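# Notes for the structure review
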Amino acid sequence: TATTTTTTTRTTSHQRKGGNNLEMLLKFLLGLFCGICLSLLLQLVRLQRPSQLETSSSSSFSHSSSSSSLSISSYSLTVGLNNDNATRILCLVVASPQHTHAAHIERTWGRRCNKLLFMGSQRGKNLNIRERHTNSWAKTRYQLQHVYHNYYEDYDWFLKVPVDTYVIVENLQHFLQGYSPETPIYFGSNDWEQIKQGHVSGAAGYVFSKAALHRFVNLGHGNSNLCSNRNYGIEHVEIARCFRNAGVAAGNSHDEEGLPRFLPIAPFAQQTLSNKSHGLFSKSAISFHYSNVRDFYMIEYVIYRLRPYGLRQMQRISQK
């Protein structure tokens, strides 16, 4: 009898231990399942947030590398526009390793380009180029060649901007409608003295016509009599010299009131641009340089989301 009682006790003890182990296993599996569900939910929220800024786009992500002397890291976002007859614009954003604006550009203004292309400025193994303003010309030469050889046939205009720039693409498209892409011309930020000297600044971006890019690659690049082939040189100075020698005109991008459309200044800066502007921005401004990530989303909200009550009705009355 004692042996039977001991055996029964041991069996009961093993059953309790087995029950406890099974309970712990079920709790572990339940916790793992909840963790996976929570992770998927957070990923879904992250994916949905950018789409709140724009309702539709299709994107393709591709990495490319070059065996040339300048190392390029790039990816592109292709956007399908509603109007097939609209001016086709490739947006080239020049990014540096210390900037983190790329993802925010993709979520905001970059989604309105026909093609959004990011190109890094890392040094290649065979090219001794330091990250200095005086070395910007060598990098610009290679970037424009890369765009020409890979995207020239598909687009009409080619916008090149620093990564800390916000672009109102609709205003750029409207501005370019007055010019033919077959005309060798380029635009950027310029004041009256720069216009007289025949060059513009790329501080707030350049936009090159199809013909301008063609002339640069086929006439200017590689011809040291027209364009410098040195690895040093300030971008806007060398671009002015090279494009002028290649027969490309520097266009005037000011509006009807004489205010600049390419603004080398943050959108919410307090200082004035020039004596002529009195600190006023053009109503058809195209780009704002020195913009931080907060500026990106603030401009996005003001232009595309904010709707003052009664404003549209007032505009209709004034038009009548």
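Rules behind the numbers
- Throughout this document, residue positions are counted from 1 along each chain, in the order its sequence is written.
- In view of the model being predicted, local features appear only for residues whose pLDDT reaches at least 70, and side-chain atom pairs are presented and counted only at 80 or more, with totals across whole chains, interfaces and linings using the full set of residues.
- Computation of side-chain values: all heavy atoms of the structure, hydrogens and water removed.
- Per residue, pLDDT captures the predictor's confidence, and it can take any value from 0 to 100.
- By the convention used here, residues are in contact when the closest approach between their heavy atoms is within 4.5 Å.
- The helix and strand labels rest on DSSP assignments: H or I over at least four residues marks a helix, E over at least two residues marks a strand, and numbering proceeds from the N terminus.
- Each polar contact in these results corresponds to two N or O atoms within 3.5 Å; when the atoms are within protein, one needs to be able to donate a hydrogen and the other to accept it, and residues that are neighboring in sequence are counted only if both atoms are side-chain atoms.
- Note on terminology: pairs of cysteine sulfur atoms within 2.5 Å are recorded as disulfides.
- Exposed residues in this analysis have more than 50% of their type's maximum accessible area, buried residues have under 20%, and partly exposed residues fall in between, with area computed by a 1.4 Å probe over protein chains only.

Here the chain shows a mean pLDDT of 74. Residues at 70 or above account for 63%. Here residues 78–82 scores under 50 on pLDDT; set against residues more than four positions off or in separate chains, the count is 14 contacts. Taken as a whole, residues 272–278 scores under 50 in pLDDT and shows 12 contacts with residues more than four places along the chain or in a different chain.

Once that is clear, we can look at the side chain of Ser-287. Here Ser-287 lies in strand 10 (residues 287–288). Within the local environment of Ser-287, its side chain forms a polar contact with the backbone oxygen of Ala-204, the two atoms lying 2.7 Å apart. Contacts of Ser-287, omitting those with residues within four sequence positions, involve Thr-165, Tyr-166, Val-167, Ala-204, Arg-261, Phe-262 and Leu-263.

Summed over all chains, the structure comprises two disulfides. In this model, Cys-91 is linked to Cys-113 through a disulfide, with the two sulfur atoms separated by 2.0 Å. Since a negative S-S torsion denotes a left-handed disulfide, the Cys-91-Cys-113 link at about -90° is left-handed. Residue Cys-91 is found in strand 2 (residues 89–95), and its partner Cys-113 is found in the loop between helix 2 (102–107) and strand 3 (115–120); the two are separated by 22 residues along the sequence. Taking the relative accessible area as the measure of exposure, Cys-91 reaches 0% and is therefore buried. The disulfide partner of Cys-227 is Cys-242, and the S-S distance across this bridge is 1.8 Å. Across the S-S bond linking Cys-227 and Cys-242, the dihedral sits near 75°, which makes this disulfide right-handed. Taken together, the residues span a long stretch of sequence, with Cys-227 in the loop between helix 6 (210–220) and helix 7 (235–245) and Cys-242 in helix 7 at a distance of 15 residues.

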